[in-house]
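Each chain, written out:
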Amino acid sequence: MLYSVVWKNNSVLLIDQTRLPNEYAVVEIHRSEDMAEAIRTMIVRGAPAIGVAAAYGMYLGAREIETSKREEFLQQLEKVAQLLRSTRPTAVNLFWAIGRMMQTAYETLGTIAEIQQTLLETAQTINAEDIQTCQAIGDHGLAALPKTPEKLTILTHCNTGALATAGYGTALGVVRSAWREGRLTRVFADETRPRLQGAKLTAWECVQEGIPVTVITDSMAAHCMKQGLIDAVIVGADRIAANGDTANKIGTYSLAIVAQKHNIPFFVAAPVSTIDFTLASGSLIPIEERHPSEIYQIGDTLLTPSGVEFYNPAFDVTPAELITAIITENGAFAPGDLIKAQKNSVL
Ligand code: MRU
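The rules behind each value
Residues numbered from 1 in each chain as written. Predicted model: local features only at pLDDT ≥ 70, side-chain atom pairs only at ≥ 80, totals over all residues. Heavy atoms only, no water. Near = heavy atom within 4 Å. Polar contact = N/O pair within 3.5 Å; in protein donor to acceptor, adjacent residues only side chain to side chain. Areas by Shrake-Rupley, 256 points an atom, 1.4 Å probe, with all protein chains shown as cover. 1 Å grid on protein atoms, 1.4 Å probe; cavity = no way out; pocket = protein on both sides within 12 Å on 5 of 7 lines; lining within 4 Å. Sits in = over half its atoms within 2 Å of the grid points. Helix = DSSP H or I, 4+ residues; strand = E, 2+ residues; numbered from the N terminus. Nonpolar A, V, L, I, M, F, W, Y, C, P; charged D, E, K, R; others polar. pLDDT = per-residue confidence, 0-100. Salt bridge = Lys/Arg side-chain N within 4 Å of Asp/Glu carboxyl O. Buried < 20%, exposed > 50% of the residue type's maximum accessible area, 1.4 Å probe, protein only. Pairing = 2+ DSSP bridges. UniProt positions renumbered as here; feature names shortened; annotations may be inferred. Contact = heavy atoms within 4.5 Å. Lys, Arg positive; Asp, Glu negative; His and termini not counted.

(A) Representation of the site of the ligand within the structure. Neighbouring the ligand are 18 residues, the closest being Arg45, Arg88, Asp238, Asn248 and Lys249. One nitrogen or oxygen atom from the side chain of arginine 45 is found 2.6 Å from an oxygen atom belonging to the ligand. Asparagine 248 is positioned with one of its side-chain polar atoms (N or O) 2.7 Å from an oxygen atom of the ligand. Compared with its free state, where it exposes 420 Å², the ligand has 99% of that area covered by protein. Spatially, the ligand is embedded in the largest cavity. At the level of elements, α2 (47-64) and β9 (246-249) are the ones that each hand at least two residues to the shell around the ligand. The residue inventory of the shell around the ligand, partitioned by class, reads seven nonpolar, seven polar and four charged.

What follows is the structure, encoded as structure tokens:
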């Protein structure tokens, strides 16, 4: 199995996702500042993966704090949390993991060394739980897929695989499970402009596992659906509001609209930690805007004339009514029934 975030020899190893598929490189992170930079620059990316990375980032920051006073330790740890929180605004798993680490620090009594040790263990638990969670999402997703045809062609967007999580993946985890159970013919992967996570990362993961994959540009999805090439769409999520509205990689919303137009089921696969029950609807989800160079430049080549303006939102919000079901580790739920996902928590 592929792991994007690994704790080894007192440091965190990250697969550098900015270099795939051309180069498989591993980056070693020792300090919380370097972890913050790795999240900001998308060396590590994908909502669950940045949650796990941030949890380790909290421990790396905690072990740098030199004080024997509990209050001072907690104040300095709060600064580490602020730095990590400032990296990316949309994926709620980041804030969830940092919150869990802060809560652990507040609740752990004992020496500073003991708090630091408990923080490391909590980060490792978050890491291990995410792998289990993804495997459970795979099982529930398999059960939720349409029963006919027997072998499905699934369209997915962005990268939601082992690279985007602690392992196995969410939407791509369902695809993996479908492939292993003989229920999948092929995956169609949207290239996912502008960062190309589909063309670069999803395609790479599929090739590693021998899953047949066809890469299309984002604008081809409607045409493929009209031609009858797609049986189901499965995407991940960066933050799901309490009413089921779902923020995910830019382009997801238009995919959901065209899926509905063609009567194709549209699934969201995500852990319960991606549901933000504090937000009543998707309009309250903060949307990250990234640098325009992601649009106007590929490598060293400039694509546009000078004198034009750019708008580069990294995510959009798909309204709940376009979503067939939200697949979590606790089962698949109608978007309006999300509260049950929390209540039925089995992990
Ligand atoms: O900007 P990214 O690459 O971090 O965005 C990732 C996505 O939008 C994924 O679809 C989402 O985080 C789910 S990952 C399991």
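From this point, the discussion proceeds with the structure in view.
(B) Up close: the confidence of the model for the chain. On average, the chain scores 97 in pLDDT, and the residues at 70 or more come to 99%. Across the assembled chains, the prediction reports ipTM 0.98 with pTM 0.96.

(C) Structural detail: the pattern of salt bridges. On inspection of all chains with the given rule, the structure shows 15 salt bridges. Among the salt bridges present, the one from glutamate 288 reaches arginine 290, with a minimum N-O distance of 2.7 Å. Given the relative accessible area of 7%, glutamate 288 is considered buried. For aspartate 337, the salt bridge is made with lysine 340, and the minimal N-O distance between the two is 3.2 Å. Assessed through its relative accessible area of 31%, aspartate 337 is described here as partly exposed. Connected through shared salt-bridge partners, Arg88, Arg195, Glu288, Arg290 and Glu294 make up one network.

(D) Just the pairing of strand β2 (residues 11-15), in detail. The buried fraction of β2 amounts to four of the five residues, a majority that puts the element mostly inside the structure. Relative to β2, strand β1 (residues 5-8) runs antiparallel, the two being bridged by four bridges. When the bridges of β2 are listed, tryptophan 7 appears paired with valine 12. Between β1 and β2, which pair antiparallel in sequence order, lie two residues; one of them, asparagine 9, sits at a positive phi of approximately 50 degrees. Relative to strand β3 (residues 26-29), β2 runs antiparallel, the two sharing four bridges. Each residue of the ladder has a partner; that of leucine 14, found in β3, is valine 27.

(E) Spatial organisation of the environment of serine 283. Looking at the element boundaries, serine 283 is found in the loop between β11 (275-276) and α10 (293-296). Measuring from C-alpha to C-alpha, the distance between serine 283 and aspartate 316 comes to 9.9 Å, with 33 residues separating the pair along the chain. A distance of 3.0 Å separates the side chain of serine 283 from the side chain of serine 281, its partner in a polar contact.

(F) View of the UniProt feature "site: Transition state stabilizer" (unreviewed entry) in the chain. The feature "site: Transition state stabilizer" (unreviewed entry), as given by UniProt, occupies Cys158 in the numbering adopted here. Locating cysteine 158 in the fold gives a position in the loop between β4 (152-156) and α6 (171-180). Cysteine 158 has contacts with Arg45, Asp190, Thr192, Gln197, Gly198, Thr202 and Lys249, leaving out every residue within four places of it along the chain.

(G) Here's a closer look at the side chain of lysine 249. Along the polypeptide, lysine 249 turns up in strand β9. For the buried lysine 249, no salt bridge is present, and the opposite-charge side chain at shortest range is glutamate 288, 6.0 Å distant.

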